[in-house]
Every structure is written in C-alpha cells, then in structure tokens.
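# Breakdown of the fold
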Amino acid sequence: MLGRGCKNFSAMRIVKSIAAMQKLAQRWQVKNTCIGFVPTMGYLHAGHLSLVKRARQLVGRRGKVIVSIYVNPTQFGPKEDLGRYPRDLTRDKQLCRTEGVDVVFVPDDKLMYPQGDHKVFSTCVIEEALSRGMEGASRPTHFRGVTTVVAKLLNIVQPEIAVFGAKDFQQATVIQRMVRDLNFRVKIIVAPTYRESDGLAMSSRNNFLSADERRQATILWRAIRQARQTVRTGTVSSERLKAELRHTIASQPAARLDYVEFFDPDTLVPVKKVTRGSHIALAVFFGKTRLIDNGRL
Ligand code: AMP
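So, here is what we can say about the structure in this document.

Criteria and thresholds
Residues numbered from 1 in each chain as written. Predicted model: local features only at pLDDT ≥ 70, side-chain atom pairs only at ≥ 80, totals over all residues. Heavy atoms only, no water. Helix = DSSP H or I, 4+ residues; strand = E, 2+ residues; numbered from the N terminus. Rg over C-alpha atoms; globule rule 2.2 N^0.38 Å. Buried < 20%, exposed > 50% of the residue type's maximum accessible area, 1.4 Å probe, protein only. Contact = heavy atoms within 4.5 Å. Areas by Shrake-Rupley, 256 points an atom, 1.4 Å probe, with all protein chains shown as cover. Lys, Arg positive; Asp, Glu negative; His and termini not counted. Charge placed at Lys NZ, Arg CZ, Asp CG, Glu CD. Pairing = 2+ DSSP bridges. Axes fitted to C-alpha atoms, helices over the stretch in contact; angles between N-to-C directions. Near = heavy atom within 4 Å. Polar contact = N/O pair within 3.5 Å; in protein donor to acceptor, adjacent residues only side chain to side chain. Nonpolar A, V, L, I, M, F, W, Y, C, P; charged D, E, K, R; others polar. Salt bridge = Lys/Arg side-chain N within 4 Å of Asp/Glu carboxyl O. Parallel < 35°, antiparallel > 145°, perpendicular 65-115°, else oblique. Left-handed = near helix turned anticlockwise from the far one by under 90°.

For the chain, the helix and strand inventory stands at 11 helices and 11 strands. Radius of gyration (C-alpha) of the chain: 20 Å, near the 19 Å computed for a compact globule of 297 residues. By residue count, 54% of the 297 residues in the chain fall in the buried class. The contacts in the chain between residues at least 6 apart in sequence include a share of 73% that link residues at least 24 apart. Accessible surface, the chain: about 14900 Å² in total, of which carbon and sulfur atoms supply 51%. In the chain, which carries 48 positive and 26 negative side-chain charges, the distance between the mean positions of the two groups comes to 6 Å.

Another aspect to go through is the sheet that holds strand β3 (residues 64–69). Here we have six strands laid out as an open sheet, ordered β1-β4-β3-β2-β5-β6, and parallel in their pairing. The sheet is open, and its two edges are formed by β1 (13–15) and β6 (187–191), each paired on a single side. Averaged over all neighbouring strand pairs, the angle between strand axes comes to 25°, with direction disregarded. In terms of strand pairing, strand β5 (residues 161–165) meets β6 through five bridges, oriented parallel. Residue I161 lies in a different strand from β6, and its bridge partner there is K187. Against the sheet, helix α2 (residues 18–30) touches β1, β2 (35–40), β3 and β4 (103–105), its axis set at about 145° to β4. On top of the sheet, helix α7 (residues 142–157) reaches β2, β3, β4 and β5; it is set at about 150° to β2, its chief contact.

This part covers the site of the ligand. By nearness alone, 17 residues border the ligand, and M41, H48, D168, Y194 and M202 come closest of all. In the model, an oxygen atom of the ligand is placed 2.9 Å from a nitrogen or oxygen of the M41 main chain. D168 places a side-chain nitrogen or oxygen 2.6 Å from an oxygen atom of the ligand. Burial of the ligand by the protein chains amounts to 92% of its free accessible area of 480 Å². Of all elements in the fold, only β2, α3 (46–59) and β5 reach the threshold of two or more residues within the shell around the ligand. With three residues, the top contributor of residues to the shell around the ligand is α3. Class assignment of the residues belonging to the shell around the ligand gives a composition of eight nonpolar, seven polar and two charged.

With that settled, the discussion passes to the pattern of salt bridges. Inspection of the entire model under this criterion finds 13 salt bridges. Ionic pairing is found between R240 and E244, a salt bridge with its closest N-O pair at 3.1 Å. In this pair, R240 and E244 both sit in helix α11 (residues 238–250), four residues apart, roughly one turn of the helix. Sharing partners across several salt bridges, the network here consists of E80, E135, R139, D258 and R290.

The subject of this paragraph is the packing of α2 against α7. For any two helices packed against each other, one specifies the inter-axial angle together with the distance between the axes. Relative orientation of the contacting elements α2 and α7 amounts to 55°, with a least axis distance of 7 Å. Considered as vectors, α2 and α7 are oriented oblique to each other. For the pair formed by α2 and α7, the contact residues are I18, M21, Q22 and A25 on the first element and N155, I156 and V157 on the second.

Attention now moves to the pairing of strand β11 (residues 289–296). Of all eight residues in β11, seven are buried, a share of seventy percent or more. Relative to β11, strand β10 (residues 279–286) runs antiparallel, the two sharing eight bridges. The residue of β11 that forms the bridge with A281 is N294. Count of turn residues in the β10/β11 antiparallel hairpin: two residues, of which G287 carries a positive phi of about 60°.

This part is about the packing of helix α10 (residues 219–232) against α11. Viewed as axis vectors pointing N to C, α10 and α11 meet at an angle of 145°, and their least axial separation amounts to 10 Å. The two elements α10 and α11 meet at a crossing, and its hand is right-handed. For the pair α10 and α11, contact is made by I219, A223, Q226, A227, T230 and V231 and by R240, L241, E244, L245, T248 and I249, respectively. Taken together, the residues of the contact of α10 with α11 sort by class into seven nonpolar, three polar and two charged.

Spelled out as structure tokens, the structure:
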C-alpha cells in the first residue's frame, strides 16, 4: 500500500495522526528517501507554494515533499486572531495536489497538545536572544509557541530539509538558532518573500483587508523601498530614518505603525547607523489586521 503510493505523484496522502506520520517518515528514511518539509498554517497562497517548489527542487523527483497545515494556538496571544484565522482545507489540499506534494500532514489540537492539559503537556522550547525584540516584544508569547510547535513538527516529520519564508525573517532566524543550539538534524532553507505585483507581501491575513485597506497596505513595501533609497546615498542614523518612515506610514489614514526597526541581519541587534546590508522590519495595523514585512537594505 505505502510502496505503491510513494511512486505516484497524484496519490497525495492526507495524514492526520502523529503516529502514522512518524511511521511513514521512518519508512522513507530507511529507504534513504530525502524528505523536504514546509510547515504552514494553511490558507495557502503563492508564497507558500513557492516554498513547496523550492522543497521539491531540493529533494528531487525521488524525494518526498511534506506540507503541514496546522493553525498552532500557542503562537497566538489571548487578544489575537486565532478564532478568525482563515481556513480552507479543501482548497489547500487541491493546491498541494497540483503542486505535486506527497503528504499533507493535518494534525489537530488534541493530538498536538493532548487535552490542552499542562499535566499532559508541560514542555516548551524557548529561544532567549533573537526572539526578544520586534515580533517578540509586540507578541510576548509568540516565539515560544513557534519554536515549540516547530520542534514538535521536526520530530514528527524528521525531514532532511525544512523550508521557511523570509517573509517572517525573525521567525526564520530564531528557528535556525534553535536548530543549531539543539542539534536538530535538519537543514533550514530560507526562501525569498513572494509579493503581489504592487509589492505587498503575500499573506493569509491580506484576506482580512477591505478594498481600501488593501490599497493602503502597499505602504509597507513602499517604506522598505524608501529606506533602501535613503541608504544608497550613505549611512543614516536609525532615529532619523525611523522618523521619516513613521511619517510615510502616517500618510495612509488606515495604517497604524506597531514598530519599525533596523538591525544586523545575523544577530538581529538594532543598529544606530543604518547602512547598506542592514535589515529593516516593520509591523503595521490596518484595523484589527496586523501585517509584517522586511527587507535587506
Ligand atoms: P504561515 O502559514 O503564515 O505560518 O506561513 C508558513 C510559511 O510560509 C512560513 O515559513 C512563512 O514565512 C512562509 N510564507 C508566508 N508568506 C510568504 C510569502 N509571501 N513569501 C514567502 N514565504 C511566505
């Protein structure tokens, strides 16, 4: 049964149980089949699919590409959008099938966090340096949720390669650190941010924007480009550039800046002088919808 499915692109499997996923991964490991993994929260878009394509490229035709779809509750704060996070598993499965994915792993909360009970589940992974600022400062329990669930998923899927998006630059950096610090046997690949034609980074959350907010949301990309343009002419103080970008963001009536930061892309330490090679990240609210973006300057 397993052997037949492995050779056939169209026979995509939907795996719901952790035990079945681990068993399948172990079978493939025994056969020296390379596993490439793309963890997602679903409601897939072309950005996610670009990671799937990258995973396929890396594992080759004989390798296996596994996509997980799991809206992880522990990475949402109590006042965040867990309840309204968009979901469409039927469409996601269709997109994965078209993309030649081998397995869609769809665990549920009861499996991932048995009974939501701390007596049954009381372990978490905390990265203590890179996850402090920016997203970590705005969303204090976010990265603990991310590192814990990614650690669990890596243990379940046991991939050689896992692909993450540069769209969530801090997340990718934190995961790279976790993998290095805890000796996970996986190579983390960070794939570029996939954008709409007007520059807006693709995100499942873009769906929440009204037509007017959607038009204004390009301000994140325009701010990144403005910063790029500015450093092209020389070094500039972080405070001055932040003030300029605050002004730019404020030009959009629906936009409310959460943070903008300039930092060293390796250490995520904020810089006082912004130069070419510095990194910018920002988070902007449009109503209840919070969008993030980033880029190398
Ligand atoms: P999410 O479903 O939002 O948790 O994202 C799952 C993975 O897809 C993460 O590694 C994200 O960084 C990545 N991703 C999300 N949006 C994009 C995008 N526009 N371009 C590239 N990767 C993305």
